[in-house]
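Structure assessment
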Amino acid sequence: MTDETPPDTRSNDGEQSPAGARMRGLRSVLRTFAIAAPLLLVALLVYGVVAKSPNTGIDDSLSRERAIAAPGFKLSMLQRGLPGHELGGKLSGALADGRVSLAELRGTPVVLNFWASWCVPCRDEAPLLERTWRQLGRPHGVLFLGLDMQDVTDDARDFMREFGIDYLNIRDPGNGVARSYGVSGLPETYFITPRAQVVGHVIGVVTAAQLRHGIAAAQAGRLYGALQGGAQRPTR
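These numbers were taken from a predicted model, which means no experiment stands behind them. Throughout this description, residue numbers start from 1 for each chain and increase along the sequence as written. Reporting in this predicted model follows two pLDDT cut-offs: at least 70 for local features of residues, and 80 or more for side-chain atom pairs to be given and counted; totals over whole chains, interfaces and linings ignore these cut-offs and use all residues. Side-chain measures here rest on the full set of heavy atoms in the structure, leaving out hydrogens and waters.

Quick look at the state of the cysteines now. Only a pair of cysteine sulfur atoms within 2.5 Å qualifies as a disulfide here. A full pass over the atoms with the stated rule returns one disulfide. In this model, Cys119 is linked to Cys122 through a disulfide, with the two sulfur atoms separated by 2.4 Å. Taking the sign of the S-S torsion, about 90° here, the bridge from Cys119 to Cys122 comes out right-handed. Per-residue accessibility, obtained with a 1.4 Å probe over protein chains only, is compared with the maximum for each type, and a residue is labelled buried under 20%, exposed over 50%, and partly exposed between these values. We classify Cys122 as buried; its relative accessible area is 2%.

This part is about the nonpolar core. Within soluble globular proteins, side chains that are nonpolar generally end up buried alongside one another. We call a set of buried residues a nonpolar core when its members are Ala, Val, Leu, Ile, Met, Phe, Trp, Tyr or Cys and they connect through side-chain atoms within 4.5 Å of each other. In this structure, Leu112, Phe114, Tyr181 and Leu186 are the most contacted members of the largest nonpolar core, which totals 55 residues. Residue contacts for Leu112: discarding those within four places in its chain leaves Phe73, Leu145, Leu147, Tyr181, Glu188, Thr189, Tyr190 and Ile192. Only heavy atoms enter the contact rule, under which two residues are in contact if any of them lie within 4.5 Å.

Throughout, the protein atoms alone are placed on a 1 Å grid, and a set of points is a cavity if a 1.4 Å probe fits but cannot get out or a pocket if it is open with protein on both sides within 12 Å along at least five of seven lines; lining residues have an atom within 4 Å of a point. Grid points are joined across faces, edges and corners, and a volume is the space filled by probe spheres set on the points. Under the criterion given, the structure shown has three cavities of 30 Å³ or more. What the largest cavity holds in volume is close to 60 Å³. Forming the walls of the largest cavity are Asn113, Trp115, Cys122, Glu125, Ala126, Leu129, Phe159, Ile165, Tyr167 and Asn169. Contributions of two or more residues to the lining of the largest cavity are made by strand E4 (110–115) and helix H4 (120–137). Strands are runs of DSSP state E lasting at least 2 residues, helices are runs of H or I lasting at least 4, and numbering of each runs from the N terminus.

Take H4 next. Taking 1.5 Å of rise per residue, 18 residues should cover 26 Å, and H4 covers 24 Å from first to last C-alpha, within 8% of that figure. Bend is computed residue by residue as the angle between axes fitted to the seven residues ending at the residue and the seven residues starting at it. For H4, the principal kink sits at Ala126 and spans about 35°; a proline, Pro127, occurs within the next four residues. Taken residue by residue, H4 has Pro121, Cys122, Glu125, Ala126, Leu128, Leu129, Glu130, Thr132, Trp133 and Gly137 as its buried positions. The span one expects for a helix is its residue count, reduced by one, times 1.5 Å.

The rule is short: rings of Phe, Tyr and Trp, with Trp giving its six-membered ring, pair when the centres are within 6.5 Å, and they are stacked under 30 degrees, edge-to-face over 60, tilted in between. Scanning all chains against the criterion turns up nine aromatic pairs. Residues Trp133 and Tyr167 carry aromatic rings whose centres are separated by 6.1 Å and whose planes lie at 70° to one another, so their mutual orientation is edge-to-face. With Trp133 in helix H4 and Tyr167 in the loop between helix H5 (153–162) and strand E6 (168–172), this residue pair connects regions lying 34 residues apart in the sequence. Assigned by exposure class, Trp133 and Tyr167 land together as buried. For the pair Phe159 and Phe163, a centre-to-centre distance of 4.9 Å together with 50° between the ring planes defines the contact as tilted. Judged by relative accessible area, which is 5%, Phe159 ranks as buried. What links up through ring pairs into an aromatic cluster is the set Phe114, Tyr181 and Tyr190.

Its place among the elements puts Gly200 in strand E9 (residues 197–203). With 27 residues separating them in the primary sequence, Gly200 and Leu227 have C-alpha atoms 7.9 Å apart. Look past the residues within four positions of Gly200 in its chain and what remains in contact with it is Leu62, Thr189, Tyr190, Phe191, Tyr224 and Gly225.

Pasting the structure below:
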């Protein structure tokens, strides 16, 4: 049997030379990498699914014709807006510290709209949201709440100025709240009852009819369901 170790890797007394030891070490490292690499790839894929996949609990519940508790949040206020006399009085304490939590909004029906200034479809629905807020929201004690996410603060404020948005807006620098609601793209709108139950969800640009029906459902605590709106832009 021939010796597979290269001639220059052994010393004259038959012991392995330093060069041979280095080669054996290199082979060991390569074997370890070959075994570990597939496991690492699987781990990264699992992490990506867990980190990026939205929570589907809300839509699953709505598809079974059941309302579901709205995920809680507490975020910094981007714009207080002009809530009017009725809402202004109810929310004065909640807005005093510059942060808004869902728990502080209990007792008030909420239209929660996820958006960002870089989202093109959000520009399409912005005028309708503002118009409906003035017609059906503020006068009837229904809070419109914009949640700006993954955005530059100055860009978001420029967006609100451009479209004359004057309802309450909060800001999430990341997308943690969006994932908890199951948001897969922007814009998306949720209708929440005074008891903080989600009764409706529109994926994409909401229509005037969807807004009317969703607001009525939130006020009455009646199920509306998950519906498809118009165009939607994937979240970043």
